[in-house]
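One-letter residues, chain by chain:
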Amino acid sequence: MTPSKSKEMTFEQAYQKLEILVEALERGESTLEESLKSFEEGMELAKFCAQKLQDAELRLQKLVKGEDGSFQLELMQ
Amino acid sequence: MIGTGPEDDFLVSPEPSEWRVYTVCEITREIKRNIEEGFAPLAVEGEISNFKRHTSGHLYFSLKDAEAQIACVLWRGRSQNLPFQPHDGAKVLAFGNLSVYERQGKYQLDVMWLRPIGAGEWQLAFEALKKKLADEGLFDADRKKPIPPFPSRIGVVTSETGAALHDIASIIARRAPWVQLILRPARVQGEGAAEDIAAAIDEFNAYGEADVLIVGRGGGSLEDLWAFNQETVARAIARSKIPVVSAVGHEVDFSISDFTADLRAPTPSAAAELVVSDKAELIERIHLLARRCVRHLKTRIILQSERVSGFQKSYGLRIPGERLREYRQRLDDLTRGLETAADLRIRELRLKSASVREKLAALNPEAVLLRGYSITTRARDGWIVTRSEELQATDAVRIRFASGSVRGIVESIEL
């Protein structure tokens, strides 16, 4: 897992991936080399999640329906 | 006024040539113009009588009080949006315009909207709709959709200017600032409110990007909250594919939308709290997962290294041992990386619990030993000594260093 890859994920996806990964790791069915890879990925995910929580700032937007029936989001104060 | 004539001669000389003569049609038009232009839209309070629902769907009735009555008509298109079922004897407030029905020479109130006056009527309407929808199974538990555990996009249907939006936004900003909050402003009281709320729910479904919807408003009178007791809103909630949290008014009152929604929150603030996880709690959970990773890998490496040192003794194999040293090196690097990430973390966690740095250090006793600490165990039972009173003079102890250990006898205890 590269950091650029994890940036495309939502918090939710990263968190759920981390949970699944830790459980798989703890089942201990993988080789040591695989475990180490999972471990690295897990650390990346944990950092990514923590960072995501830290950086976040609430975005409030307004749903606006256009005349053609398409939707747009407008930023609100 | 209407028509002119020589008043002095009115009784004595009704000479047609001096009078303005109207056809029935003309005078009716004149009356119609005067009435329809002479009155602004108005509200009339009265009791319904002679109520008739025509097969066409239009409603005809009179409004009366002790002294007078006025004919009323409510066209089909509008009759579908009423907050209750009108019936004879109901006391109502009718909003509309005066108009003249030329064919019958009749003036009437063209009703745009109608609502009951008095709690009794409201209560009856509430109970009737509640029963109807319950009988249809709209409130059944197996219809309820689960609320997603980590919504990243939350749709809100409420007034743009009301307290509810402010309450929801400030709670989510505090607890889950990563969330994208999307408002579809809707009128939440008065004429057309129910239709607007229902349209907003439908629009979110058409838009398709929200994980959950909060539909509601702050507290108010029964009348203010009425839109949430209307069938239009109940049906829109029921057909929503996105889970809906109903959040109407004060804690004690239930609305029809509460029964139909997938989750009922007592207030808009409570809805926000129910929908998002708390930031501090989530951070704690992430770090717990990270610690489980570290712990697992350490165990794994220690086990493997013991197995390998066994091999080394028996067969003199060196290569796996070197690989293991590499693994250990990498693990130490990664763990240090985690400590750096921990430094970046948010203050809350530091306040809430001992820092992750300490926890990680605790998971890595070798690192501690390398800094000059040592571990003392009681020889007789292997107990790890943390206080001097756990030992007595002459107890045999084993002291473990980063490399190797020594055995000794306690000379004296210093408390």
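Our subject is the structure listed above.
These notes cover the structure that comes with them. Just so you know, the residues in each chain are numbered from 1, in the order the chain's sequence is written. To read the labels, note that chains go from A and ligands from 1, taken in the order they are written. At least 70 in pLDDT is required for a residue's local features to be given in this predicted model, at least 80 for side-chain atom pairs to be given and counted, and no such filter applies to totals for whole chains, interfaces and linings, which use all residues.

1. Some words on the overall build of chain A
What counts, and what does not: Each helix corresponds to a stretch of at least 4 residues labelled H or I by DSSP, and each strand to a stretch of at least 2 residues labelled E; elements are numbered beginning at the N terminus. Whether a residue is buried, exposed or partly exposed follows from its count of other C-beta atoms within 10 Å of its own C-beta, namely 20 or more, 12 or fewer, or something in between, respectively; the C-beta atoms are built from the backbone. Contacts here follow a simple rule: the backbone-placed C-beta atoms of the two residues must lie within 7 Å.
Of regular secondary structure, chain A possesses 3 helices and 2 strands. Counting all 77 residues of chain A, 27% fall into the buried class. Once local pairs closer than 6 in sequence are excluded, the contacts in chain A between residues at least 24 apart make up 41%.

2. Focus: the overall build of chain B
The helix and strand tally for chain B stands at 13 helices and 13 strands. Expressed as a percentage of the 415 residues in chain B, the buried residues total 27%. In chain B, 61% of the contacts between residues at least 6 apart in sequence involve partners at least 24 apart.

3. Section: the interface of chain A and chain B
Formally: Gly counts as polar in this scheme, as do all residues outside two lists: the nonpolar Ala, Val, Leu, Ile, Met, Phe, Trp, Tyr, Cys and Pro, and the charged Asp, Glu, Lys and Arg. Whether two strands pair comes down to DSSP finding at least two bridges between them.
Between chain A and chain B, the residue contacts involve 35 residues of the former and 38 residues of the latter. Sorting the residues of the side of chain A that touches chain B by element identifies α2 (11–27), α3 (32–55), β1 (59–65) and β2 (71–75) of chain A as the ones contributing at least two each. Residue composition of the side of chain A that touches chain B, grouped by class: 20 nonpolar, 5 polar and 10 charged. In this sheet, strand β7 (residues 180–185) of chain B lies alongside β1 of chain A in parallel orientation, the contact comprising 4 bridges. From the neighbouring strand, Q61 of chain A faces β7 of chain B, where its bridge partner is I182 of chain B.

4. With respect to the sheet that holds β7 of chain B
Two strands in a sheet stick together by hydrogen bonds in their backbones, pointing the same way (parallel) or opposite ways (antiparallel). Put simply, the rule reads: Lines fitted to C-alpha atoms define the axes here, with helix axes fitted over just the stretch in contact, and angles between the N-to-C directions of these axes take values from 0 to 180 degrees.
The sheet built from 7 strands is open, its strands ordered β2(A)-β1(A)-β7(B)-β6(B)-β8(B)-β9(B)-β10(B) with mixed pairing. Bordering the open sheet on either side are β2 of chain A together with β10 (263–265) of chain B, each of which pairs with just one other strand. When the angles between neighbouring strand axes are averaged without regard to direction, this sheet yields 25 degrees. The sheet contact formed by β1 of chain A and β2 of chain A spans 5 bridges and is antiparallel. Bridge pairing links Q61 of chain A to L75 of chain A in β2 of chain A.

5. Re the nonpolar core
The following threshold applies: To form a nonpolar core, buried Ala, Val, Leu, Ile, Met, Phe, Trp, Tyr and Cys residues must be joined through C-beta atoms within 7 Å. Throughout, the edges of the domains are those of an automatic or database domain assignment.
Residues C49 of chain A together with I197, I201, L213, I214 and V245 of chain B are the most contacted members of the largest nonpolar core, which totals 70 residues. Element by element, the count of residues in this core is highest for α3 of chain A, at 8 residues. Taken together, domain 2 (141–275) and domain 3 (279–371) of chain B each give at least three residues to this core, which thus spans both. Aside from chain neighbours lying at most four places away, what touches I201 of chain B is V157, L213, V215, A236, I237 and S240 of chain B. Counting 17 residues, the second largest nonpolar core, distinct from the first, contains L59, L109, V111 and F126 of chain B.

6. Overview of the packing of helix α4 (residues 163–175) of chain B against helix α8 (residues 268–275) of chain B
Residue and element names in this part refer to chain B. This is how the line gets drawn: Should an angle fall under 35 degrees it is called roughly parallel, over 145 degrees roughly antiparallel, and 65 to 115 degrees roughly perpendicular, with every other angle called oblique. Whether a crossing is left-handed or right-handed is set by the direction in which the near helix is turned from the far one by less than a right angle, anticlockwise for left-handed and clockwise for right-handed.
For the pair α4 and α8, interaxial distance at closest approach is 8 Å and the crossing angle is 30 degrees. Overall, the two elements α4 and α8 adopt an arrangement that is roughly parallel. α8 is crossed by α4, and the crossing has right-handed handedness. Two secondary-structure elements touch here, α4 through A164, D167, I168, I171, I172 and R175 and α8 through P268, S269, A271, A272 and E273. Residues of the contact of α4 with α8, tallied by class, amount to 7 nonpolar, 1 polar and 3 charged.

7. A few points about the sheet that holds strand β12 (residues 396–400) of chain B
Residues and elements named next belong to chain B. With antiparallel pairing, the 3 strands of this open sheet are ordered in space as β11-β12-β13. Two strands in the sheet have a free side with no partner beyond their single neighbour: β11 (375–378) and β13 (405–409). Sheet twist, expressed as the mean angle between neighbouring strand axes with direction ignored, is 25 degrees. The pairing of β12 with β13 spans 5 bridges and is antiparallel. What sits directly across from V397, in β13, is G408.

8. With respect to α8 of chain B
Residue and element names in this part refer to chain B. This is how it is decided: Throughout, the arc means that of the directions going from the helix axis to the C-beta atoms.
P268, A271, A272 and V275 are the residues of α8 that are buried. The buried residues of α8 all sit within an arc of 100 degrees when viewed along its axis, so they share a single face. Along its buried surface, α8 packs onto β6 (153–158), α4, β8 (212–217), β9 (244–248) and β10.

9. Details of the environment of P266 of chain B
Along the chain, P266 of chain B turns up in the loop between β10 and α8. Here the alpha-carbon distance between P266 of chain B and V248 of chain B, two residues 18 residues apart in the chain, equals 6.7 Å.

By themselves, these observations are geometric and do not establish any function.
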